[in-house]
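Chain by chain, the residues:
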Amino acid sequence: RLAEDRFYNRYPCIILTAKGQPDVATRLFLRKIRDTLKLPVLGLVDSDPYGLKILSVYMSGSKNMSYDSANLTTSEIKWLGVRPSDLDRYNIPAQCRLPMTESDIKTGKEMLEEEFIKKNPLWLAELEMMVKRKEKAEIQALSNFGFQFLSEVYLPQKIRDGDWI
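### Some remarks on the confidence of the model for the protein chain
- Averaged over the protein chain, the pLDDT score is 91; the fraction of residues at 70 or greater is 96%.
- When pLDDT is averaged over each element of the protein chain, strand S3 (residues 98–99) comes out on top at 98 and helix H4 (residues 69–72) at the bottom at 77.

Listed below in C-alpha cells is the structure:
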C-alpha cells in the first residue's frame, strides 16, 4: 500500500518488507542500511503477538541464530504501530478488530516473560493491554477509513508526533 501511494515521495524513507518472519538477508540488509546511512528504523506490524515477534527478531535476533545476532540485529528499531493503544486512539471499529486465539494469547503471555519486553515498560504496557483485551488487528484494519488512510493520515500523524516506542 505504501509503495502504491508513493509514500516515499512525501516522506523520504526506505520501505522494507520481509512479508512475514524476517529472513537472514532482510535482517542483514536492514542492519547495513542502518549502520551505513544512519537512518532511524521504524517498524509497522500487525497489532498481534506475531507482529511483535517480527519486531523482536529485527531487534534482538532469533533464538535459532543467537550465535550471529550481533551482525543481524537492529537494536534501535522503534515500534511505530499498529499498537494496541492505537485501536482506541484511532477509533478502529469493533468489526475491524479480531478476537485473539488461544495460541495468540499463549504467545502473548510467553512474550511478557521475554527480557527485551521486560526492559521496555512501554512495550510491556502495550503487550499487557493486548493480552488483557484479547483482541488484535491487522494493519489492513486502518483501511476501514479509506485505502489511503495509512499513508495519508495514520503514518504522517505518528511520524509528525514522534509517536513510536
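### Remarks on the packing of aromatic side chains
- Throughout the structure, instances matching the rule amount to six aromatic pairs.
- Ring geometry for Tyr-90 versus Phe-149: centroids 6.5 Å apart, planes at 80 degrees, classification edge-to-face. Taken as a pair, Tyr-90 in the loop between helix H5 (84–89) and S3 and Phe-149 in helix H9 (residues 149–161) lie far apart in primary sequence, 59 residues in all. You'll find Tyr-90 and Phe-149 in the same group, each marked buried.
- Taken together, the aromatic side chains of Tyr-90, Phe-145, Phe-149 and Tyr-154 make up a single cluster linked through ring pairs.

### With respect to the layout of surface pockets
- Space inside the largest pocket adds up to approximately 1400 Å³.
- Lining the largest pocket are 44 residues, and of these Leu-2, Ile-15, Leu-16, Leu-42 and Leu-44 lie nearest its centre.
- Examining the composition of the lining of the largest pocket, we find that five residues originate from one element, helix H3 (residues 49–60), more than from any other.
- Split by residue class, the lining of the largest pocket holds 31 nonpolar, eight polar and five charged.

### Examining the pattern of salt bridges
- Taken as a whole and assessed by the stated rule, the structure comprises 19 salt bridges.
- Here Asp-86 and Arg-89 are joined by a salt bridge, their closest N and O atoms 2.8 Å apart. Taken together, the residues Asp-86 and Arg-89, both in helix H5 and three residues apart, mark about one turn of the helix.
- Several salt bridges share partner residues, and in doing so they unite Arg-83, Asp-86, Arg-89, Glu-126, Lys-158 and Asp-163 into one network.

Cut-offs and rules
Counting starts from 1 at the beginning of each chain's written sequence and moves along it residue by residue. A pLDDT threshold of at least 70 governs which residues receive local features in this predicted model, and a stricter bar of 80 or more applies before side-chain atom pairs are shown or counted, although totals over entire chains, interfaces and linings include all residues. The basis for every side-chain value is the complete set of heavy atoms in the structure, and neither hydrogens nor water enter the calculation. Each residue gets a pLDDT score, which is the predictor's confidence in that residue and runs from 0 to 100. Numbering of helices and strands runs from the N terminus, with a helix taken as a DSSP run of H or I at least four residues long and a strand as a DSSP run of E at least two residues long. In this analysis, rings of Phe, Tyr and Trp, with Trp reduced to its six-membered ring, are considered paired at centre separations within 6.5 Å, and the interplanar angle assigns stacked below 30 degrees, edge-to-face beyond 60, and tilted for intermediate values. The cut-offs for exposure are 20% and 50% of the maximum accessible area for each residue type, with area from a 1.4 Å probe on protein chains only; residues under the lower value are buried, those over the upper are exposed, and the others partly exposed. Cavity and pocket criteria rest on a 1 Å grid covering protein atoms alone: a 1.4 Å probe that fits but cannot get out defines a cavity, protein on both sides within 12 Å along at least 5 of 7 lines defines an open pocket, and an atom within 4 Å of a point defines a lining residue. Grid points are joined across faces, edges and corners, and a volume is the space filled by probe spheres set on the points. When residues are sorted by character, Ala, Val, Leu, Ile, Met, Phe, Trp, Tyr, Cys and Pro go into the nonpolar class, Asp, Glu, Lys and Arg into the charged class, and all the rest, Gly among them, into the polar class. The working definition used for a salt bridge is a side-chain nitrogen of Lys or Arg within 4 Å of a carboxyl oxygen of Asp or Glu.

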